[in-house]
Amino acid sequence: MQQPHARFSVLSGSSLSSAEHLSPTASSARFSLPSATSINTALGTPKPGPRPNIYDRNLNKTRTSEVSASAFAFLFSEVVQYTQKRVSGINDLERRLNTLGYRVGTRVLELMVWRAESSSKTPKREIRFLPALMSIHTQVWRAVFGRPADAIEKSVENEDEYMIIDNDPPIERHISVPKDMNQLSCSSFTAGVVEAVLDGLGLPARVTAHHTPTQQFPLRTTILIKLDKSVLEREEILK
């Protein structure tokens, strides 16, 4: 415990000469120096104000803000571990990660639409699939991961399948998958984000994630988009 500050007393000259005959209370003039605590109080040191509320921030001003990669990797790793303890197999784990990504994707799309409408006098909503896919490849990827995806490919065998290629998925850089679960793709979370954005734009599709490693990119992942039949029919009408 901190000891209290000492208090100093100053006696007048007259009291010093007659200190033996007169009591201190009757003849001495005492002057006490205030303690350090009372001095600070007298000066009126300002107290720190309340921290700003995150909900009071302007959404447009936080457009270019960045999140710590270490914090993001730690949080996502904890999400995977938490989910893994509550599933019965790899398919169930990927399904739950996909569901979590879907919830994030709905909020990402809502935020991007709000920013587009607030910053443009003539906001544009994509109704064609290819422009929407390009927007996901660049704007959505940059909003979630800080950079665009690496490539877009179209299936040669099936006309309703498209692929987004990410050579180095940020969410998988710090995750070690056991050998008995080598079929697991944590990018199912990313697939859920893409599926939510497509559904929100009126382009329903089934989106899955698959590992397609190469010697140069061992974490390379393919986000496979299988379009609903209604999307293909509408694309034919709009041609």
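Refer to the structure above for everything that follows.
Residues numbered from 1 in each chain as written. Predicted model: local features only at pLDDT ≥ 70, side-chain atom pairs only at ≥ 80, totals over all residues. Heavy atoms only, no water.

Caption draft 1: Looking closely at the sheet that holds strand S2 (residues 161-166). The strand order across the open sheet built from four strands is S1-S2-S4-S3, with neighbouring strands paired in antiparallel fashion. In the strand order of this sheet, the two ends are held by strand S1 (151-154) and strand S3 (205-211), each with one partner. Averaged over all adjacent pairs, the angle separating strand axes in this sheet is 20°, with direction ignored. Where S1 lies against S2, four bridges are found, and the strand directions are antiparallel. Within the sheet, the bridge partner assigned to Glu153 lies in S2 and is Met163. With respect to the sheet, helix H6 (residues 129-145) is in contact with S1, S2 and strand S4 (221-227), its orientation differing from that of S2 by roughly 15°. (Pairing = 2+ DSSP bridges. Helix = DSSP H or I, 4+ residues; strand = E, 2+ residues; numbered from the N terminus. Axes fitted to C-alpha atoms, helices over the stretch in contact; angles between N-to-C directions. Contact = heavy atoms within 4.5 Å.)

Caption draft 2: Seen up close, the side chain of Glu195. Mapped onto the fold, Glu195 is located in helix H7 (residues 188-200). Apart from the residues within four sequence positions on either side, Glu195 is in contact with Asn98, Tyr102, Ala205, Arg206 and Val207.

Caption draft 3: Local environment of the packing of aromatic side chains. Within the structure shown, the criterion is met by three aromatic pairs. Between Phe76 and Phe189 the ring centres are 5.4 Å apart and the planes differ by 70°, which places this aromatic pair in the edge-to-face class. Here Phe76, found in helix H4 (residues 69-84), pairs with Phe189, found in helix H7; they are 113 residues apart in sequence, far enough to count as distant. Accessibility classification places Phe76 together with Phe189 in one group, the buried group. Ring centres of Trp141 and Phe145 lie 5.8 Å apart, and the angle between their planes is 55°; on these two criteria the pair is classed as tilted. With Trp141 and Phe145 both in helix H6 and four residues apart, this pair spans about one turn of that helix. (Phe/Tyr/Trp six-rings, centres within 6.5 Å; stacked < 30°, edge-to-face > 60°. Buried < 20%, exposed > 50% of the residue type's maximum accessible area, 1.4 Å probe, protein only.)

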